[in-house]
Structures are given as structure tokens and as C-alpha cells.
Amino acid sequence: MTAGPDDIRGVYDRQAAVYDAQRSRALFEARWLARFAAGLASGARVLDLGCGTGEPIARWFKAEGFHVTGVDFSEPMLDIARRRWPDGDWRQADMRLLDLGETFDGIIGWNSFFHLTADAQRGCIGRIAGHLEPGGILMLTVGPDAGEAHGAVGGEPVYHASLSPAEYATCLEANGLRLTGFLAEDPETNRHSVLMARKT
């Protein structure tokens, strides 16, 4: 059984509770989160793009004193985040149509951006850039090279896609962002491929 990009929201809607229960809280992401945070001022505004239930990424940033806005297109995922942090800023939106009318000091899309098709990623980078302050930092998990793949959430298949590192660099530059870091299949991060950029 394969999954297409249009199935993603339904999977996360159906599997929200299972996803939340199974999502690692071990913070294998901590080294990258710290690198991202090191470029931000104390109390900076961070947009968690594809925040899911807020665990563990939004929790980490909140604990570090950042002002976090979480955006996800799955209401059942957001419902869990809202129950966990009733005073949090949790918003339902599709990153492909992102238009919040405000800017942030940092934007992170950990395990979310790569669910978009290659074409949608190209368009989304422009929308992300428009939501970043000058000098703002972007961090995304992507694929190690151009192509499509499939993962699983709660036993259901989910679609992944990626551009090549060179095309990411070109697309970022076209939208006023400079690639500042890329590591494919980082063994210290459960083999996630991580991209960082800064708005010029």
C-alpha cells in the first residue's frame, strides 16, 4: 500500500492519539535545536510549522523561554496541544497556504515540511521566507537527496519528498535566504537530514 501527498491530513487526524503516544520524548533533536536557538535572542518568537501535538519540539522551545506559535493542519493534533498548554498559541493552517500576517525570529519545520511534494516545497519556501524577520533562522528536516519516499504514522503509510541540497540552496537564495547548514542522515539524530538557513 502506498500513500500520496493528499492523504497526509487524514492520517494525522486519525492517528493523532497514537502519534502522540509513540512520539519519542528522548530529544534526539536537542543538538540541532540548540544550534538553532543559539542564533536567536532571548525570548524570541518561534514558529513551529507542523507542530503536531507540541511534543517534544514546542515544549523544548517553551521551556527555553521562547514565545512559540504552533501551526498544524490537523485539528485532532492541535486539540492535544491545546489540552496540554491551554494558554498556548495554537493555530490551524496549511503551510502550503501560510498567511499569518506576521513575522517570526525563527521558523522550524521538524518532520513536517517533507510531507509536501517537491513543487509544493518550492512554493512553500517563499511563504516561509515572508514570515521570517530579516536575520531570522529557518530549520527544516528534508531528505538526503531529491526523490520521494514513504514512512508510517500509526501503521498508516505517509508520503515524503525532497529536493536535492543544491536545489534547496538555489530556491532559498531566490527567496532571500542563505543556506547555512545541511547534514544528510545525521547518525546522532536518528538519521534525519537537517537544513538550516538565514534570511539575508
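Quick notes on the rules
Here the residue numbering is sequential within each chain, running from 1 through the sequence in written order. Predicted model: local features are reported for residues with pLDDT of at least 70 only, side-chain atom pairs are reported and counted for 80 or more only, and whole-chain, interface and lining totals are derived from all residues. Side-chain metrics rest on all non-hydrogen atoms present in the structure, leaving aside hydrogens and water. Stacked, tilted and edge-to-face pairs are distinguished by plane angle, under 30 degrees for stacked and over 60 for edge-to-face with tilted covering the rest, among Phe, Tyr and Trp rings (Trp via its six-membered ring) whose centres lie within 6.5 Å. Categorising residues by exposure relies on relative accessible area from a 1.4 Å probe, with only protein chains included: less than 20% of the type maximum marks a residue as buried, more than 50% marks it as exposed, and the intermediate range marks it as partly exposed. Pairing between two strands requires that DSSP report at least two bridges joining them. Elements are defined by DSSP. Helices are runs of H or I of four residues or more, strands are runs of E of two residues or more, and each kind is numbered from the N terminus. A crossover gets the label right-handed when its path from the first strand over the helix to the second runs clockwise, viewed with the strands pointing away from the viewer. Fitted lines through C-alpha atoms serve as axes, helices being fitted only where they are in contact, and the angles separating the N-to-C directions of these axes extend from 0 to 180 degrees. Put simply, angles under 35 degrees are roughly parallel, angles over 145 are roughly antiparallel, angles from 65 to 115 are roughly perpendicular, and the rest are oblique. By the convention used here, residues are in contact when the closest approach between their heavy atoms is within 4.5 Å. Basically, the charged four are Asp, Glu, Lys and Arg, the nonpolar ten are Ala, Val, Leu, Ile, Met, Phe, Trp, Tyr, Cys and Pro, and anything else, Gly included, counts as polar.

**So, the packing of aromatic side chains**
Two numbers describe a pair of aromatic rings. These are the distance of the centres and the angle of the planes. Counted under the stated rule, the structure contains five aromatic pairs. On the numbers, 5.7 Å between centres and 35 degrees between planes, the contact of Trp85 with Trp90 is tilted. The exposure classification of Trp85 matches that of Trp90, with both residues buried.

**Some words on the pairing of strand S3 (residues 89-92)**
Two elements, strand S2 (residues 67-72) and S3, share four bridges in a ladder whose sense is parallel. By the bridge assignment for S3, Thr69 is matched with Asp89. For the handedness criterion, the β-α-β arrangement of S2, helix H4 (residues 75-84) and S3 is classed as right-handed.

**A short note on the packing of helix H1 (residues 8-22) against H4**
Packing of H1 against H4 leaves a shortest axis separation of 7 Å and a crossing angle of 40 degrees. Judged by the angle between their axes, H1 and H4 are oblique. Touching Tyr12, Asp13, Ala16, Ala17, Tyr19 and Asp20 of H1 are Glu75, Pro76, Met77, Ile80 and Arg84, all from H4. Split into classes, the residues belonging to the contact of H1 with H4 amount to seven nonpolar, no polar and four charged.

**Some remarks on the environment of Gly109**
The topology assignment puts Gly109 in strand S4 (residues 104-109). The exposure class assigned to Gly109 is buried, which follows from its relative accessible area of 1%. Considered as a pair, Gly109 and Val71 are 38 residues apart in the sequence and their alpha carbons are 9.9 Å apart. When residues no more than four places from it in sequence are discounted, the contact partners of Gly109 are Leu49, Met139, Leu140 and Thr141.

Take it as geometry only, folks, not as evidence of what the structure does.
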